[in-house]
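Spelled out from the first residue to the last, the chains are:
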Amino acid sequence: MSRAASAVPSGIAPCPVPARRPAAGDICPHTGRARLGYDRARVLLDKYAGLDLHQLRHSAATHLGEAEVPLQLIMGKTRHKNPRTAMRYVKPGAEAIAKVTEVLAPRRRTH
């Protein structure tokens, strides 16, 4: 008989492993409940809503870029260390470029 087979006698269910206590940073200060980890949230969103968590993260960062949030703040929110990685979310539109052009354009004489 192998060791694995002899570890649990037949007919007896193995004892459940006690749940691991979440770290203090993983507890919501408002509700006192444990927060979902990224992997568990990813699985649940995919299973029940058909959503891709990484795509939601990408969309949120893109919306921040469209709202002209500074790159440093987008990097802080997404926890990107390299500015080149976070730059993919910053795509200035025509309005933003027009604003910058106004700042750089010389003032027109009015007389």
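**Let's talk about the confidence of the model for the chain**
- For the chain, the mean per-residue pLDDT works out to 82, and 86% of the residues sit at or above 70.
- Of all the helices and strands in the chain, helix H1 (residues 3-7) carries the lowest mean pLDDT, 54, while helix H4 (residues 71-78) carries the highest, 93.

**So, the side chain of Thr 78**
- Mapped onto the secondary structure, Thr 78 falls in helix H4.
- Residue contacts for Thr 78: discarding those within four places in its chain leaves Arg 57 and Ala 61.

**As for the pattern of salt bridges**
- Counted under the stated rule, the structure contains two salt bridges.
- For Glu 68, the salt bridge identified is with Lys 99, shortest N-O distance 3.8 Å. Here Glu 68 is found in the loop between helix H3 (53-66) and H4, whereas its partner Lys 99 is found in helix H6 (residues 94-104), with 31 residues between them in sequence.
- Overall, Lys 99 belongs to the partly exposed group, its relative accessible area being 48%.

Definitions and limits used
- Residues numbered from 1 in each chain as written.
- Predicted model: local features only at pLDDT ≥ 70, side-chain atom pairs only at ≥ 80, totals over all residues.
- Heavy atoms only, no water.
- pLDDT = per-residue confidence, 0-100.
- Helix = DSSP H or I, 4+ residues; strand = E, 2+ residues; numbered from the N terminus.
- Contact = heavy atoms within 4.5 Å.
- Salt bridge = Lys/Arg side-chain N within 4 Å of Asp/Glu carboxyl O.
- Buried < 20%, exposed > 50% of the residue type's maximum accessible area, 1.4 Å probe, protein only.

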